[in-house]
Amino acid sequence: MKKYLLFLIVFATAFHSFAQKLPYPYPVHYLNIQIEGSNHKMAYMDVSPSNPNGETALLLHGKNFNGYYWKDVIAALSKEGYRVIVPDQIGWGRSDKPLIHYSFPLLANNTKQLLDTLEITKVNLVAHSMGGMLATRFAIMYPNTVSRLVLENPIGLEDYSLFVPYQSTDKLYANERQATYESLKKYQQSYYPVWKPEYEQYVQAQLDASITGNKDTNALVNALTYQIIYEQPVVYYFDKIKAPTLLIIGQEDRTVVGKNLLTDEQKKQYGHYPTLGKKIKSLIRKSVLAELAGVGHIPHIQSLAAYSRQLLTFLKERPGGRL
């Protein structure tokens, strides 16, 4: 009887986890990529528009996200005729999560392999949060591939290693192993001035990624990918970007990676996106800044209409426009 009850508990738990997983908004495809002598699967969505305009948009997700949270942006771009490519980076979402040496150049190279496989030579590169750090590296490594660059509240506008105390990978791993729906939600609540029930789905999407496969391995990968943000700053490279660039900056954002380790005085000093947005605009030669009042870390979720207006206007501009 005890064995039977145990079976029911395990089955119910497994069923609950499966039932809770959110389906991606479009079909997911996989690309095999060899990294450090092993093959790994990179998940991606490839959405074709009904009336193509001949251009492609590549969307890069942030650290605590995956391709799912781009669903409304995909729909908006597709409606305007853009083919939309949305990868889950290796280590995130539905892609494999191997224990490898992670770096932004590696992730950029993986993304370029995906584009090469799909025979895409030019993209409008749209990135959010940590995706902005990756997009910066990608735009520098492959300048001829990027027609236009859009950075939405990118992190890495400061060198966190200069003021955030170092944490060992073991310490980060221990913290990641303790993650729950409630702890993930608490962190995501800091992204918005006001939390709304419709934001719950993005907490679930993050949880889904952490519990799919080996949870301990996923936790370690989360720790390893935190370290690349800390150890591989991109703030020193913005002046190397050649592509016309749009900075979309929610003015209520105060994101700092490792903010919980700062003093109260430091929290006031760092992560001030209204100031950081202007600073980065001055570094990127061909750039324009869109400041969204009352908006936090994720404009494309909190204020989709305002975000989409800025995005589509910029992508449709011809040479000689605002830049």
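Predicted model only: the values in this text are computed from it and were never measured.

## Quick notes on the nonpolar core
Item 1. In terms of nonpolar packing, the biggest core is built from 60 residues, with Leu125, Leu149, Tyr160, Ile229 and Phe238 touching the most fellow members.
Item 2. Ignoring any residue separated from it by four or fewer positions in sequence, one finds tyrosine 160 in contact with Ile155, Ile229, Tyr230, Val256 and Val257.
Item 3. Membership of the second largest hydrophobic core comes to 36 residues, among which are Tyr69, Tyr192, Val288 and Ala306.

## Regarding the pattern of salt bridges
Item 1. Taken as a whole, this structure holds eight salt bridges when the rule is applied.
Item 2. As a salt-bridge pair, arginine 83 and aspartate 46 come within 2.7 Å of each other at their nearest N and O atoms. Remark: aspartate 46 occurs in strand S2 (residues 38–47) and arginine 83 occurs in strand S4 (residues 83–87); sequence separation between them is 37 residues.
Item 3. Its relative accessible area of 24% is what places arginine 83 among the partly exposed residues.
Item 4. Classification of aspartate 46 as partly exposed rests on a relative accessible area of 21%.

## Regarding the packing of helix H5 (residues 169–177) against helix H8 (residues 215–231)
Item 1. Where H5 meets H8, the axes come as close as 8 Å, and the angle between the chain directions of the two elements is 130 degrees. In terms of axis orientation, H5 runs oblique to H8. Two packed elements cross with a definite hand, and for H5 against H8 that hand is right-handed. Contacts between H5 and H8 involve Thr169, Leu172, Tyr173, Glu176 and Arg177 on the former and, on the latter, Asp216, Ala219, Leu220, Asn222, Ala223, Leu224, Tyr226 and Gln227.
Item 2. Of the residues contributing to the contact of H5 with H8, the split by class is seven nonpolar, three polar and three charged.

## Thoughts on the pairing of S4
Item 1. In terms of burial, S4 is a largely internal element, four of the five residues being buried.
Item 2. Examined bridge by bridge, S2 and S4 share four bridges and lie antiparallel to one another. Bridged to methionine 45 within S4 is valine 86.
Item 3. As defined by bridge partners, strand S3 (residues 56–60) adjoins S4 across three bridges and the pair is classed as parallel. Residue pairing across strands places leucine 58 opposite isoleucine 85, the latter belonging to S4.
Item 4. Each parallel crossover has a hand, and the one from S3 via helix H2 (residues 71–79) to S4 is right-handed.

## Side note on unusual backbone geometry
Most peptide bonds are trans, and most residues other than glycine sit at a negative phi.
Item 1. With a phi angle near 50 degrees, glutamate 36 is a residue other than glycine that sits in the positive phi range.
Item 2. Counting through the fold element by element, glutamate 36 comes out in the loop between strand S1 (28–35) and S2.
Item 3. The exposure class assigned to glutamate 36 is exposed, which follows from its relative accessible area of 54%.
Item 4. A positive phi angle, near 35 degrees, is found at asparagine 153, a position not held by glycine.
Item 5. Locating asparagine 153 in the fold gives a position in the loop between strand S6 (146–152) and H5.

## Quick notes on H2
Since one α-helical turn is 3.6 residues long, residues separated by three or four positions face the same way.
Item 1. Regarding H2, the residues found buried are Lys71, Val73, Ile74, Leu77 and Ser78. Down the axis, H2 shows its buried residues gathered within 160 degrees of arc, on one side only.
Item 2. Residues of H2 that are buried sit in contact with S2, S3, S4, helix H7 (200–211), helix H11 (299–302) and helix H12 (304–316).
Item 3. Immediately downstream of H2, the backbone of glycine 81 shows phi near 100 degrees, a positive value.

## A few points about the sheet that holds S3
Item 1. With mixed pairing, eight strands are arranged side by side in an open sheet as S1-S2-S4-S3-S5-S6-S7-S8. In this open sheet, the two strands that pair with only one neighbour each are S1 and strand S8 (287–292). Each strand of the sheet is rotated relative to its neighbour by a mean of 20 degrees, with strand direction disregarded.
Item 2. As judged from the four bridges shared by S6 and strand S7 (residues 245–250), these two strands associate in the parallel manner. Bridge pairing links leucine 151 to leucine 247 in S7.
Item 3. Along the sheet face, helix H4 (residues 130–141) touches S3, strand S5 (123–128) and S6 and points at about 145 degrees away from the line of S5.

## What to know about the packing of aromatic side chains
Ring pairs (aromatic) are described by centroid distance and by the angle formed between their planes.
Item 1. Scanning the entire structure with this criterion turns up 14 aromatic pairs.
Item 2. Considering the side-chain rings of tyrosine 160 and phenylalanine 163, the 6.1 Å spacing of their centres and the 75 degrees angle between planes classify their relative orientation as edge-to-face. Taken as a pair, tyrosine 160 and phenylalanine 163 share a single burial class, namely buried.
Item 3. Measuring from ring centre to ring centre gives 5.4 Å for tryptophan 195 and tyrosine 199, while their planes differ by 75 degrees; the resulting arrangement is edge-to-face.
Item 4. Accessibility expressed as a relative area gives 3% for tyrosine 199, which makes it buried.
Item 5. A connected cluster of aromatic rings, assembled from ring pairs, spans Phe65, Tyr69, Trp70, Tyr187, Tyr191, Tyr192, Trp195 and Tyr199.
Item 6. Looking at arginine 137, its charged tip hangs above the ring of tyrosine 237, at a distance of 4.7 Å from the centre.
Item 7. The ring of phenylalanine 314 has arginine 148 sitting right over it, with the charged end atom 4.9 Å from the ring centre.

Basis of the calculations
- Residues numbered from 1 in each chain as written.
- Predicted model: local features only at pLDDT ≥ 70, side-chain atom pairs only at ≥ 80, totals over all residues.
- Heavy atoms only, no water.
- Core = buried A, V, L, I, M, F, W, Y, C linked by side-chain atoms within 4.5 Å.
- Buried < 20%, exposed > 50% of the residue type's maximum accessible area, 1.4 Å probe, protein only.
- Contact = heavy atoms within 4.5 Å.
- Salt bridge = Lys/Arg side-chain N within 4 Å of Asp/Glu carboxyl O.
- Helix = DSSP H or I, 4+ residues; strand = E, 2+ residues; numbered from the N terminus.
- Axes fitted to C-alpha atoms, helices over the stretch in contact; angles between N-to-C directions.
- Parallel < 35°, antiparallel > 145°, perpendicular 65-115°, else oblique.
- Left-handed = near helix turned anticlockwise from the far one by under 90°.
- Nonpolar A, V, L, I, M, F, W, Y, C, P; charged D, E, K, R; others polar.
- Pairing = 2+ DSSP bridges.
- Right-handed = clockwise from strand over helix to strand, strands pointing away.
- Arc of directions from axis to C-beta.
- Phe/Tyr/Trp six-rings, centres within 6.5 Å; stacked < 30°, edge-to-face > 60°.
- Lys NZ or Arg CZ within 6 Å of the ring centre and 35° of its normal.

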